[in-house]
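A structural walkthrough
Below are the chains, spelled out letter by letter.
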Amino acid sequence: MENQDLISMSAVRSAMKVIYTPGLTLQSPIGLRNDPHTATILHFGQGHKAAFEDAVEQMPPFERRDFDPWYESEGGAAFRDWSNRAFAMAAALDIVEQAWMQDGADEEEEEVDPVLQKMVDINWQLETHGVWFIIIAFVIAFAVFFGTGGMTSGVAATVRLFGVVVVAVLLLLWAGSKLLPSFIRMRAARQGVEVPSHEIVEDAVEPLWTNESEVTSAKILNYANWVLLAQPGANGLMKLDAPDPVEPTEKHTDRQKKILAAAKRWRDDSPLRPRKS
């Protein structure tokens, strides 16, 4: 069954449209006819802007006293114009980044052995709560030892024997919980499934933009937050030029190659992109 949460290539192409069209901002939503994806992206951009404005409203009065005059100055006007483009681009980059990270999400997952899954679930419970075996065993041993003391009656002997058995069972369960991961790996290996250990660190997914002027939605929004504090002049705003897409390599999957091809196609062929004079 198709993953309904998977971002479609048409949504990626609309995101490229926003990224590679400098004139497309929250205040100038050009080219939206028959393009609901672009309208949705700009709606997300409005959400980023609303979150930023909410942060401004929550500023302490002392900081707000310095911020308000700047916001009404030439630098603040430049920032408002810049943010209309920045928040739209941030929303578009969110779509591209999510599509990049979702590579392979549309593949059907292999059915997991229910016994193996049950063992994994039990192991998780034991790793999370297994320390209670030691605690309860210590409490029982303490209570039995000091409760019966030097008593030599049959009842005391029975209580001591029962306590020893319970403590032994708890200690065996604790020891068994330490051996269970090995049994899980052995059963998984017989089924051709590799169980990663805690020491394995997954390789980071290669970012979409690899040049030095990497632009991500996180950087745009963090920069907006920095602007809020630093309050630079009109010439202090970060450039929002769209980065050149990287060339696909053998390391990229088919879906990632399609995303890179969509970026290059929109940059090279779009009638809305700026033309060099």
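What you see is a predicted model; the values in this text were computed from it and never measured. (Residues numbered from 1 in each chain as written. Predicted model: local features only at pLDDT ≥ 70, side-chain atom pairs only at ≥ 80, totals over all residues. Heavy atoms only, no water.)

Description of the packing of helix α5 (residues 114-129) against helix α7 (residues 154-190)
At a minimum axis separation of 10 Å, α5 and α7 run at an interaxial angle of 155 degrees. Comparing their axes, α7 and α5 come out roughly antiparallel. Of the two possible hands of crossing, α5 and α7 adopt the one that is left-handed. Side by side, α5 and α7 meet where Val-115, Leu-116, Met-119, Val-120, Ile-122, Asn-123, Leu-126 and Glu-127 of the first sit next to Ser-177, Leu-180, Pro-181, Phe-183, Ile-184, Arg-187 and Ala-188 of the second. Of the residues contributing to the contact of α5 with α7, the split by class is 11 nonpolar, 2 polar and 2 charged. (Axes fitted to C-alpha atoms, helices over the stretch in contact; angles between N-to-C directions. Helix = DSSP H or I, 4+ residues; strand = E, 2+ residues; numbered from the N terminus. Parallel < 35°, antiparallel > 145°, perpendicular 65-115°, else oblique. Left-handed = near helix turned anticlockwise from the far one by under 90°. Contact = heavy atoms within 4.5 Å. Nonpolar A, V, L, I, M, F, W, Y, C, P; charged D, E, K, R; others polar.)

Focus: the side chain of Asn-84
The topology assignment puts Asn-84 in helix α4 (residues 74-101). Exposure remark for Asn-84: the relative accessible area of 9% places this residue in the buried category. Setting aside anything within four residues of it in sequence, one finds Asn-84 in contact with Thr-25, Leu-26, Gln-27 and Lys-49. (Buried < 20%, exposed > 50% of the residue type's maximum accessible area, 1.4 Å probe, protein only.)

Re helix α1 (residues 9-19)
Of all 11 residues in α1, 9 are buried; the element is thus mostly enclosed. Among all positions of α1, only Met-9, Ala-11, Val-12, Ser-14, Ala-15, Met-16, Lys-17, Val-18 and Ile-19 are buried. Tucked into the core, α1 has its buried residues touching α2 (36-57), α4 and α9 (254-269).

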